[in-house]
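# Reading the structure
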Amino acid sequence: MHRRVFLRAAALTGGTLAFPTAADAATHNAVAVDPALVLRERLHELLLGTTATTVRTPPVGVDRLARLATAARDRFAASDYLALAEQLPALVDAAEATAASRPDPAAARALATAYALTCRALIKLEVSGLEWVAADRAQRAAREGEDPLLLAEARRLIASAVRRTGDHDRAQALTLAAADDLAATTRPGHLVMLSSLYCSASYAAARAGHRADAVDLLAQGAETVDRLGEDPRRPGALANLVSHRVSAAHLLGDAGTALAHANSLPLSAFPTAERRGRVLVDAASAYMMWGKPDMAYRTLLTAERFAPGEVRTRTAVRELVSDLLASSRRAAMPGLDGLAARVHAVA
């Protein structure tokens, strides 16, 4: 099966693993600013309050807050983390000022969105411990905002912070506890979240090496996606499921299976740049595991084409590119030094 997956992936022209040439990569200008460094510093300042300011942010209308929250979500979806690093502090300041002036669930919901995005961005960087802070603040704001979906997302992020400490079993249990609260739902939006929770729990199980649990939880995620029927949110939920199938297979050492899942949907099925970048980075890691560093390199170039911010920010990419730099097959990867410069990787 592995050989068939490899040949099919190499032949694709419009699917998940359609590769650019080295000349395509040369069109990317080297990035002088390290987005991971900027993002880390701005988010640490946001969470630790280390930036002194003499200007108090005035309260704003809830409609304005909603627009700010939507803009921040859009920046995350586009993997534009430099812009997100500027938008999140402004959103937090505005939401905190508004909630302080007149307690309002809408302000709390905007605040929960901001802290959830902060946590999700931190998870793409090296472990700092501040993921806990952001997730906890998201949870408290979600409760005040009386939004069960924001609360479920915050609980999922707390579990992700636990997982990053290495306590995968506890992370799985916390995620499933959040899923239990939505298990009886029939509302489409809740079903999308429920599927996401099962997928996150499967990731924790795969991290722990619990193959049976990971497979079972992905099956529950798939069943939940099927419950969406013809709802327009189903394609996005399916793409998230496939992305987690790729991640779980890779973590369990099944590189060929991971690539088969990566090729089960066209890249256009993944609705955002962040999701496209994420699945392509996982596919590149699977190629590296499989002993195909040149294919891993070409997959990263594809990821950079569709989601440059994702590739140039994530710690996982830097580690993978560092491994590529040490490969004995560097001659098959023209332009690798340029990619390493753009993602700030070191040999």
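First, a word on what this report is: a plain description of the structure on this page. Keep in mind it's a predicted model, so treat the numbers as computed, not measured.

### Quick notes on helix H14 (residues 273–289)
Here H14 contains 17 residues, and its C-alpha end-to-end distance of 24 Å stays within 8% of the 24 Å for a straight helix at 1.5 Å per residue. A positive backbone phi angle near 80 degrees is found at Gly291, which sits one or two residues after H14.

### What about the packing of helix H7 (residues 130–145) against helix H8 (residues 148–163)?
Two elements in contact, H7 and H8, have axes whose closest approach is 8 Å; the angle formed by their N-to-C orientations is 160 degrees. One way to sum up the angle between H7 and H8 is to call them roughly antiparallel. Regarding H7 and H8, the two cross each other, and that crossing is left-handed. Touching Glu131, Trp132, Ala135, Asp136, Ala138, Gln139, Ala142 and Arg143 of H7 are Leu150, Leu151, Ala154, Arg155, Leu157, Ile158, Ala161 and Val162, all from H8. When the residues that make up the contact of H7 with H8 are grouped by side-chain class, the tally is 11 nonpolar, 1 polar and 4 charged.

### Description of the nonpolar core
Leu39, Leu43, Leu65, Leu84, Leu88, Leu91 and Leu122 are the most contacted members of the largest nonpolar core, which totals 39 residues. Where this core is concerned, the elements lending two or more residues are helix H3 (35–48), helix H4 (62–77), helix H5 (81–101), helix H6 (105–123), H7 and H8. In terms of residues, this core owes the most to one element, H6, which gives 11 residues. Excluding residues within four positions of it along the chain, Leu91 makes contact with Leu65, Leu68, Ala69, Ala72, Ala110 and Ala114. By size, the runner-up hydrophobic cluster in this structure holds 36 residues, among which are Val242, Met295, Leu325 and Leu339.

### Describing the pattern of salt bridges
This structure, assessed with the given rule, holds 20 salt bridges. Here Arg211 ties to Asp254 by a salt bridge, and the two come within 2.6 Å at their closest N and O atoms. Taken as a pair, Arg211 in helix H11 (residues 211–226) and Asp254 in the loop between helix H12 (234–251) and helix H13 (255–262) lie far apart in primary sequence, 43 residues in all. With a relative accessible area of 40%, Arg211 lands in the partly exposed category. For Asp254, a relative accessible area of 23% gives the class partly exposed. Asp294 is the partner of Arg329 in a salt bridge, and the nearest nitrogen-oxygen pair spans 3.5 Å. Placement of Arg329 in the loop between helix H17 (315–325) and helix H18 (336–343) and of Asp294 in helix H15 (residues 293–306) is noted, with a sequence separation of 35 residues between them. What makes Arg329 partly exposed here is its relative accessible area of 36%. With a relative accessible area of 16%, Asp294 lands in the buried category.

### Section: helix H9 (residues 168–180)
With 13 residues, H9 ought to run about 18 Å at 1.5 Å a step, and its terminal C-alpha atoms sit 18 Å apart, in line with that. Listed in full, the buried residues belonging to H9 are His168, Ala171, Gln172, Thr175, Ala178 and Ala179. For H9, the angular spread of the buried residues around the axis is 125 degrees, confining them to a single face. Facing away from the buried surface of H9 by more than 90 degrees, the exposed residues are Arg170 and Asp180. Looking at the buried side of H9, the elements it contacts are H8, helix H10 (188–207) and H11.

### Focus: the packing of aromatic side chains
Applying the stated criterion across every chain, the model contains 2 aromatic pairs. With 5.8 Å between their ring centres and 70 degrees between their planes, Phe76 and Tyr81 make a pair best called edge-to-face. Pair check on accessibility: Phe76 and Tyr81 agree, each one buried. When the centroid spacing of 6.4 Å and the interplanar angle of 20 degrees are considered together, the rings of Tyr287 and Trp290 count as stacked. A cation over a ring is seen here: Lys292 above Trp290, with NZ or CZ 6.0 Å from the ring centre.

### Things to note about the packing of H10 against H11
Two elements in contact, H10 and H11, have axes whose closest approach is 8 Å; the angle formed by their N-to-C orientations is 170 degrees. Between H10 and H11, the angle falls in the class roughly antiparallel. Taken together, the residues of H11 that come into contact with H10 (itself represented by Leu191, Leu194, Ser195, Tyr198, Ala201, Ser202, Ala205 and Ala206) are Asp213, Ala214, Leu217, Leu218, Gln220, Gly221, Thr224 and Val225. Of the residues contributing to the contact of H10 with H11, the split by class is 10 nonpolar, 5 polar and 1 charged.

How each quantity is defined
Residues numbered from 1 in each chain as written. Predicted model: local features only at pLDDT ≥ 70, side-chain atom pairs only at ≥ 80, totals over all residues. Heavy atoms only, no water. Helix = DSSP H or I, 4+ residues; strand = E, 2+ residues; numbered from the N terminus. Expected span 1.5 Å × (residues − 1). Axes fitted to C-alpha atoms, helices over the stretch in contact; angles between N-to-C directions. Parallel < 35°, antiparallel > 145°, perpendicular 65-115°, else oblique. Left-handed = near helix turned anticlockwise from the far one by under 90°. Contact = heavy atoms within 4.5 Å. Nonpolar A, V, L, I, M, F, W, Y, C, P; charged D, E, K, R; others polar. Core = buried A, V, L, I, M, F, W, Y, C linked by side-chain atoms within 4.5 Å. Buried < 20%, exposed > 50% of the residue type's maximum accessible area, 1.4 Å probe, protein only. Salt bridge = Lys/Arg side-chain N within 4 Å of Asp/Glu carboxyl O. Arc of directions from axis to C-beta. Phe/Tyr/Trp six-rings, centres within 6.5 Å; stacked < 30°, edge-to-face > 60°. Lys NZ or Arg CZ within 6 Å of the ring centre and 35° of its normal.

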